[in-house]
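What follows is the residue order along each chain.
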Amino acid sequence: MNNSAFDYNANSIKILKGLEAVRKRPAMYIGNTHTEGLHHLVYEVVDNSIDEALAGYCTQIDVSINDDGSVSVTDNGRGIPVDIHPETGKSALEVVMTVLHAGGKFEKKEYEISAGLHGVGVSVVNALSELLEVEVYKNGNVYYQAYQQGIPIEDVKIIGKTDSKGTKVRFKPDPGVFEITNFSFDVLANRMREMAFLNKGVHINLVEDSTQKVYNFFYEGGIVSFVEFLNTTRKAIHPEIISFEKKINGIGVDVAFQYNDSYMENLFSFANTVNTHEGGTHLTGFKTAITRAITEYIKNAAHLKVDKELKIQGDDTREGLVAIISVKVPEPQFEGQTKGKLGNSEVKDIVADITFEKFAAFLEENPNSARAIVDKIMLATQAREAARKAREITRRKNALDSLSLPGKLADCSERRTELTELFYVGGDSAGGSAKQGRNRFFQAILPLRGKIINVEKQRIDRVLKNEEVQTLISAIGTNIKDEFKMDKLRYGKVVIMTDADVDGAHIRTLLLTFFYRYMPDLIRNGHVFIAQPPLYKVKSGKTETYVYSDDERDSLLQKMDLKDKSNCSLQRYKGLGEMNAEQLWDTTMDPEKRTILKVSMDHGFEADQMFSTLMGEEVEPRKAFIQEHAKKVKNLDI
């Protein structure tokens, strides 16, 4: 053995200079190099403009998706400094754009509150762009510098005169880094709307050159308008939106909430305008205060005729609650590079104290609204107790067999979660084909008989009585809601496989609603997928080709020069049951050939509103949605 090959010495240590580390490990800085990471680049640049707004210097931000695949972000803030940086001898603009951890956010005299990645954000965007150009409007001049993969092409120079102030950044993502480089107008619109709600008085405009789509976001009501927006698809049970702002020890708290007639809680938390989708201390403080205010009000209100023996829990007090919790923290401690969770311990008590004080006062001063809220909470408590008793009975039935699984589940032999797949299949005939055609080693099949209950319209006790829900929960293994345990997941991929018709789409939406409301972490961690069965089989002689869209069909026919339909046969699949086992495997289940779509949850409030619109009680929002999107429907079978 040649021991020299295993020497570990100073020569083994590689130092990555400048922005090399970002290009070497981009996921460390932006999460991933797919859709989420791509759009995160835009958010980082916009966050810098938002920081100027938070500091009181910016009132307008313009975001443009350009024809060449680049994105431009322009603001009317103070403009990035361009004078010479004393430590480097270079323009401060170049330092900001090319050096990690360089910026004005470390010293609180410039930015008391900031949303950007502590000086990391814009330099990371620069490193991951094949081209980035920045213009600064300052001192009556237009200052300019361009970069390739984070490296300056030339020194900062003056290219014109201006009376404006602000900064414009145009960047084009590097296709050598990203798996996808096409920006989604809708994804960016969701984020820009969110930022406009959180920063009242700031105009945020979004334009897509290729389609001429334009959105202008401006909300004087701030997060009160946010709650109104979220509740447009539901019916409020009290007229007032409860809202308050307060600052304690430099920490600003801005909260707005309202109860509606739905059965789900929808709490969205933000820290320094960053969406903390994993929650944190500010969300914990809010939840604690809501529960305490409700329980103390019920305990002390002699006029309330309620069963005070019922033990109210936190979940009960938040049924039908829509809330926005936004905090501004001078020194935020985020868990994870992309700021999924706020960790500042002092924030919890501040949010809890303010929320309890304001909500307790509201309940005392508004007896009719308080009565409506209490009635809803007591019904939620009764339903939860009924659901708990039902679960205990089920557990006792299964006590002799801890591995009890639904009888109709055709399980796989592999037990390593990362390798296994569960296909939830609509229809007995399709289920039969899937069982025969699958790879029994790693693919399990769970046939669906009938439709799963619409969880958007039912409380948890009714949901858990549904046989299909029981079967699905048992098969997946994680349990639901507060009892959800990711480490109990039995299958790495949960694949919804339904027909490509109206019924199939309805079943798919019902299932996605269930996962979103009862197992959101299953979606958040990338375990839910939608199968894509073919729409057509094109046969010419002995050649059979499967296609998955009308456009793909037309393209194939043109390539084959088969416009004369007499020369070929074209079969339109309306259901999975029309395919035999071999065809289903070849087109939809074989990992080497299939296409499956991963379900993601980039914007929780948009997902919430979508499920509420499609599956909730209110008819008018659903009617408006159908009218707006009807012209976009393809392959509709009635």
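Counting restarts for each chain, with residues numbered from 1 along the sequence as it is written. Where local features are concerned, this predicted model is filtered to residues with pLDDT of at least 70; where side-chain atom pairs are given and counted, the filter is 80 or more; whole-chain, interface and lining totals use all residues. In computing side-chain properties, one takes all heavy atoms of the structure into account and sets aside hydrogens as well as water.

### Topic: the overall build of the protein
Point 1. The number of helices and strands found in the protein is 20 helices and 24 strands.
Point 2. The 638 residues of the protein split such that 52% are buried.
Point 3. Should any heavy atoms of two residues lie within 4.5 Å, those residues are counted as being in contact. When contacts within the protein are restricted to residue pairs at least 6 apart in sequence, long-range pairs at least 24 apart make up 69% of them.
Point 4. For the protein, the exposed area adds up to about 30400 Å²; of that, 48% sits on carbon and sulfur atoms. Under the scheme used here, helices are H or I runs from DSSP no shorter than 4 residues and strands are E runs no shorter than 2 residues, and both carry numbers assigned from the N terminus. When a residue's accessible area, from a 1.4 Å probe over protein chains only, is under 20% of the maximum for its type it is buried; when over 50% it is exposed; and in between it is partly exposed. For the area figures, the Shrake-Rupley method with a 1.4 Å probe applies, and any residue is considered shielded solely by the protein chains shown.

### Focus on the sheet that holds strand β20 (residues 528-531)
Point 1. Read from one edge of the open sheet, 5 strands run β18-β17-β19-β20-β24, paired in mixed fashion. Since the sheet does not close on itself, it has two edges, and those belong to β18 (443-448) and β24 (596-598), each with one partner. If you compare each strand with its neighbour and ignore which way they point, the axes differ by 25° on average.
Point 2. Note: two strands are recorded as paired if DSSP finds a minimum of 2 bridges between them. Where strand β17 (residues 421-426) and strand β19 (residues 493-497) come together, 5 bridges link them in parallel fashion. Residue Leu-422 lies in a different strand from β19, and its bridge partner there is Val-494.
Point 3. Note on geometry: axes are C-alpha line fits, over the in-contact stretch for helices, and angles between N-to-C directions span 0 to 180 degrees. Sheet strands touched by helix α15 (residues 502-518): β17, β18, β19 and β20. Its angle to β19, the strand with the most contacts, is close to 150°.

### Quick notes on helix α17 (residues 550-559)
Each α-helix turn comprises 3.6 residues. Residues three or four places apart therefore point the same way.
Point 1. If you check which residues of α17 are buried, you get Asp-550, Arg-553, Leu-556 and Leu-557. For α17, the angular spread of buried residues about the axis comes to 125°, placing them on one side. In α17, the exposed residues that point more than 90 degrees away from the buried face are Asp-551, Gln-558 and Lys-559.
Point 2. Where α17 is buried, its residues touch β21 (536-540), β22 (543-547) and β23 (569-572). The directions considered for the arc run from the helix axis to the C-beta atoms.

### Focus: the confidence of the model for the protein
When pLDDT drops low, the exact placement of atoms in the prediction is not to be read closely.
Point 1. In the predicted model, the protein carries a mean pLDDT of 84, and 83% of its residues have values of at least 70.
Point 2. pLDDT is a per-residue confidence score from the predictor, ranging from 0 to 100. Low pLDDT, under 50, characterises residues 8-16; the predicted model gives this stretch 4 contacts beyond four residues in sequence or across chains.
Point 3. Of the regions scoring below 50 in pLDDT, residues 633-638 engages in 12 contacts with residues more than four places distant in sequence or in other chains.

### Digging into the sheet that holds β22
Point 1. Pairing in this open sheet of 3 strands is antiparallel, and the strands run β22-β21-β23 from one edge to the other. Two strands close off the open sheet at either side, each with one partner strand: β22 and β23. Here the strands of the sheet are splayed against their neighbours by 20° on average, with no regard to which way each runs.
Point 2. Pairing between β21 and β22: 5 bridges, direction antiparallel. Its bridge partner lying in β22, Ser-540 is registered against Thr-543.
Point 3. In the packing of α17 onto the sheet, contacts are made with β21, β22 and β23, and the angle to β22 comes to roughly 150°.

### Observations concerning the nonpolar core
Point 1. Membership of the largest hydrophobic core comes to 64 residues, with the highest contact counts inside it found for Val-42, Val-63, Met-97, Phe-171 and Ile-324.
Point 2. In terms of residue count, the dominant contributor to this core is helix α6 (residues 185-198) (9 residues).
Point 3. Setting aside chain neighbours within four positions, we find Met-97 in contact with Leu-19, Ile-80, Val-122, Ser-123, Asn-126, Leu-132, Val-134 and Tyr-147.
Point 4. What we call a nonpolar core is a set of buried Ala, Val, Leu, Ile, Met, Phe, Trp, Tyr and Cys residues that are connected through their side-chain atoms within 4.5 Å. Among the nonpolar cores identified, the runner-up in size contains 42 residues, and Tyr-259, Ile-294, Ile-312 and Ala-370 belong to it.

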